[in-house]
Amino acid sequence: MTTSEIGLLGLGTMGAALALNIADHGFDIAVYNRTTAVTRDFKRDAGDLSDRITPTESLQDFVAAIAKPRAIILMVPAGDPVDQQIAALRPLLDDDDLIIDAGNANFHDTNRRAREAGDKPFLGIGVSGGEEGARFGPSIMGGGKKASWDRVAHILTAIAADHEGTPCATWMGEEGAGHFVKAVHNGIEYADMQMIAEVYGILRDGMGLDNAAIAAVFDRWNAGPLKSYLIEISARVAEAKDTDTGRPLLDIITDAAGQKGTGRWTAIEAQHLGAPVPAIEAAVAARNLSAARNLRKIGEEMYGAAPQPLDGALSEDQLEQALIAGKIICYAQGFQMISAASTQFGWKLPLPDIARVWREGCIIRSVMLDDMATALTQTPDENLMFAAKFADDLKANHTALRQVVAQAALHGLAVPALSSGLAYFDTMRTARGTANMLQGQRDYFGRHGFERLDRDGKDYHGPWAD
Ligand code: NDP
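Under an unreviewed UniProt entry, the protein has the name 6-phosphogluconate dehydrogenase, decarboxylating and belongs to Loktanella atrilutea.

Shown next, in the form of structure tokens:
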């Protein structure tokens, strides 16, 4: 049997696409899948790339088919399957063989697996871009020992998306750094998608636009500052027809969104880090609420339908501006969280590189990320809201965001992510906030003490202390 440069285990949606991508870039690859028929079908359907693919039907044959020191990519569901496959492979491997978990692992699991691996090489890499990205160029966020990354960097950068000559594959830091960055990417993705869905709701219920008109609005916006993959596919989704019935697809898709948990992990981790991401939290909550369809039906029967026509109260331009402001705010939150994690975990996460790696190949790719990479290069430790370029953009667009949130509230159009983004923006530009009241309350009922503006020291108490 000839030896392959790399192996890949798990020929599902992502694994199959990634294996073809690797073969397409001239690397011989050995593949293994739990269900053997899938491996056989994969080899049979690989067309011109078939010669570069070595199918195997046992882990022993799989391992034997890979050149030493081996590199093996796992592309199986996050969680137990990853631990199971590591446990099954390790006894068959040499100590210097590298295992790469390329699924959507929780970064805490990747930290643990890296520690359990000890001196044996292990990488956790986040791969973004869905099936198409995996096949034709994903965005890759690597974590683990730099030396391990360097061993496979030539393959990962070759198969990654390319932005004007720069590959979208970067080593982010030790242990779970890559999976952490991928989780925040997914959190931002949740918020970006939710804000677009909220604007879709305003166009549909507030302005009475049909699907074709909504698609045209998204297409127009995709030629401006909002140009991004998510706006582009929103237009395609809005104009799509059901192949069975010929009806507009959006009219027959159930209004309950699924999730695999990465947005939720991001929201929970942000709370642990004390670097809240309220727009992402709102987006996760919105998905959960979307699943409560029966309750929402009861609510509508009891209170009457919430959405009311806007009767010209908002323009499409205001919606575009609100989305621009909302998007900046949600990225500002995501990068602030990455910055906090970098400090907390000692990772030295490269914020400008993260913006660069997201410019192509991944779901949140957008023209705005180019400017974000520039801003983060100039002032890496600053909240993006305060970078000159984005401060200008927010000054130009936040009034529209306020109008959209206000009119949406007045007309019963729920916009949880946009309104939470606006509240974040206002909070972050209010030097004298309202937590003095919280401190007073805490001291009143719990003698928790407070600091004073007019004196040094801590642990002052109110008159109720006596
Ligand atoms: P699929 O469900 O399409 O494929 C799962 C693969 O894993 C199959 O090959 C399956 O083998 C194998 N598998 C499942 N359980 C086990 C197990 N216990 N032991 C060994 N093999 C197992 O998943 P995806 O390709 O969509 O996802 C793979 C990973 O990539 C996940 O972590 C996912 O979160 C992540 N990801 C997915 C994206 C997407 O858009 N789909 C995007 C980015 C990341 P079998 O044929 O035998 O069932």
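Picking up after the structure, the text goes on.
A.B. asks: How should the state of the cysteines be read in this particular structure?
C.D. replies: Any covalent bond linking the sulfur atoms of two cysteines counts as a disulfide. Within this structure, the stated rule accounts for 0 disulfides. Here cysteine 168 is not cross-linked by a disulfide; its sulfur's nearest cysteine counterpart is in cysteine 362, at 7.4 Å. Free of any disulfide, cysteine 330 has its nearest cysteine sulfur in cysteine 362, 13 Å distant.

A.B. asks: What exactly am I supposed to notice about the packing of helix α9 (residues 211–221) against helix α10 (residues 229–239) here?
C.D. replies: For any two helices packed against each other, the geometry comes down to the angle between their axes and how far apart the axes lie. Taken N-terminus to C-terminus, the directions of α9 and α10 make an angle of 165°; their axes are 8 Å apart at the nearest point. Taken together, the axis directions place α9 and α10 in an arrangement best described as roughly antiparallel. In the crossing of α9 with α10, the sense of the turn from one axis to the other is left-handed. Packed against α9, whose contacting residues are Asn211, Ile214, Ala215, Phe218, Asp219 and Trp221, the element α10 presents Ile231, Ser234, Ala235, Arg236, Ala238 and Glu239 at the interface. Here the contact of α9 with α10 is composed, by residue class, of 7 nonpolar, 2 polar and 3 charged.

A.B. asks: Could you clarify how one ought to interpret the pairing of strand β6 (residues 122–128) in this entry?
C.D. replies: As a general feature of sheets, a regular strand has side chains that alternate between the two faces. Extensive coverage of β6 is indicated by the burial of 7 of its 7 residues. What you see with β6 is no split at all: Phe122, Gly124, Gly126 and Ser128 on one side and Leu123, Ile125 and Val127 on the other are buried throughout. Summarising the sheet, β6 and strand β7 (residues 139–144) pair through 6 bridges and their orientation is antiparallel. Residue pairing across strands places glycine 126 opposite methionine 141, the latter belonging to β7.

A.B. asks: How should I be thinking about the nonpolar core in this particular structure?
C.D. replies: Looking at soluble globular proteins, one finds that nonpolar side chains tend to be buried together. Counting 88 residues, the largest nonpolar core has Phe180, Trp221, Phe335, Leu349 and Trp358 as its most contacted members. Among the elements that take part in this core, helix α15 (residues 316–345) stands out by supplying 14 residues, more than any other. Counting only domains with at least three residues in this core, you end up with domain 1 (6–175) and domain 2 (183–427). Core analysis: the next-biggest nonpolar cluster, separate from the first, contains 36 residues, Ala17, Leu20, Phe27 and Ile159 among them.

What counts as what
Residues numbered from 1 in each chain as written. Predicted model: local features only at pLDDT ≥ 70, side-chain atom pairs only at ≥ 80, totals over all residues. Heavy atoms only, no water. Disulfide = S-S within 2.5 Å. Axes fitted to C-alpha atoms, helices over the stretch in contact; angles between N-to-C directions. Helix = DSSP H or I, 4+ residues; strand = E, 2+ residues; numbered from the N terminus. Parallel < 35°, antiparallel > 145°, perpendicular 65-115°, else oblique. Left-handed = near helix turned anticlockwise from the far one by under 90°. Contact = heavy atoms within 4.5 Å. Nonpolar A, V, L, I, M, F, W, Y, C, P; charged D, E, K, R; others polar. Buried < 20%, exposed > 50% of the residue type's maximum accessible area, 1.4 Å probe, protein only. Pairing = 2+ DSSP bridges. Core = buried A, V, L, I, M, F, W, Y, C linked by side-chain atoms within 4.5 Å. Domains from an automatic or database assignment.

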